[in-house]
Amino acid sequence: MKDLAPGAIVDGFRIGELRHKGGMALIYGVTHADDRPAPFPMVMKVPRMTPGDGAENIVSFEIEHQILQTLTGPHVPRLVAAGDLATLPYLVMEYVQGPTLDHWLAQATGGQPLTVDTLAALGAAVATAAHALHQQNAVHLDLKPAN
């Protein structure tokens, strides 16, 4: 699949800048195409599919869609819309703003060591979010500092 062009309209969403290009998906900032305000910032996640790819990208993407429909709580981005697998698969969801754990680790390796209190708070935040998923019978299979 080719990258989406900024300004393109997809199912009522205007594509913005490419925010992340990962191994499994591309993530774009999006807004409503009719310029109505959204209650929160949104992104569109589009699975990467190229000739010769196995089914794992689209299968994991579809499972993510199913799971996002059922999860609730402050540690889960809100699902807004999903595209049809037959035309253009995508998920539009809330964009959770803020630094990633990668940001904090880069700061620490850049000469600004993290305090014990900061490390404890970061560890507790990750554990709280993971526990909230586990209480809903879900497991985050891609838990890493970049996510």
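Reading the values: rules and limits
Residues numbered from 1 in each chain as written. Predicted model: local features only at pLDDT ≥ 70, side-chain atom pairs only at ≥ 80, totals over all residues. Heavy atoms only, no water. Phe/Tyr/Trp six-rings, centres within 6.5 Å; stacked < 30°, edge-to-face > 60°. Lys NZ or Arg CZ within 6 Å of the ring centre and 35° of its normal. Helix = DSSP H or I, 4+ residues; strand = E, 2+ residues; numbered from the N terminus. Buried < 20%, exposed > 50% of the residue type's maximum accessible area, 1.4 Å probe, protein only. Pairing = 2+ DSSP bridges. Contact = heavy atoms within 4.5 Å. Axes fitted to C-alpha atoms, helices over the stretch in contact; angles between N-to-C directions. Salt bridge = Lys/Arg side-chain N within 4 Å of Asp/Glu carboxyl O.

Draft legend 1. The arrangement of the packing of aromatic side chains in detail. Evaluated as defined, the whole model comprises zero aromatic pairs. The ring of Tyr95 has Arg19 lying over it, and the distance from NZ or CZ to the ring centre is 4.4 Å.

Draft legend 2. Main features of unusual backbone geometry. Positive phi values are uncommon outside glycine, yet Asp35 reaches one of about 65°. Turning to its location among the elements, Asp35 is positioned in the loop between β3 (25-32) and β4 (42-47). Backbone geometry at Asn137 places phi at a positive 60°, although glycine is not the residue there. By the element assignment, Asn137 lies in the segment after α3 (116-135). For Asn137, a relative accessible area of 75% puts it in the exposed group.

Draft legend 3. Up close: the sheet that holds strand β1 (residues 9-10). With respect to topology, six strands assemble into an open sheet ordered β1-β2-β3-β4-β6-β5, the strand pairing being antiparallel. Looking at the sheet topology across the chains shown, the edges are occupied by β1 and β5 (79-82). Judged from the six bridges that link them, β3 and β4 form a sheet pairing that is antiparallel. Counted as the bridge partner of Val30 is Met42 from β4. Seen against the sheet, helix α1 (residues 56-68) touches β4, β5 and β6 (91-94) and runs at an angle of roughly 45° to β6.

Draft legend 4. Just the pairing of β3, in detail. The buried fraction of β3 is high, at six of eight residues. Inspection of the sheet shows strand β2 (residues 13-21) paired to β3 by six bridges, in the antiparallel sense. Bridge pairing in β3 places His20 opposite Ile27. Hairpin geometry of β2 and β3 is characterised by an intervening segment of three residues between the two adjacent antiparallel strands.

Draft legend 5. Examining the pattern of salt bridges more closely. This structure, assessed with the given rule, holds seven salt bridges. Between Lys144 and Asp142 there is a salt bridge, with its nearest N and O atoms 3.7 Å apart.

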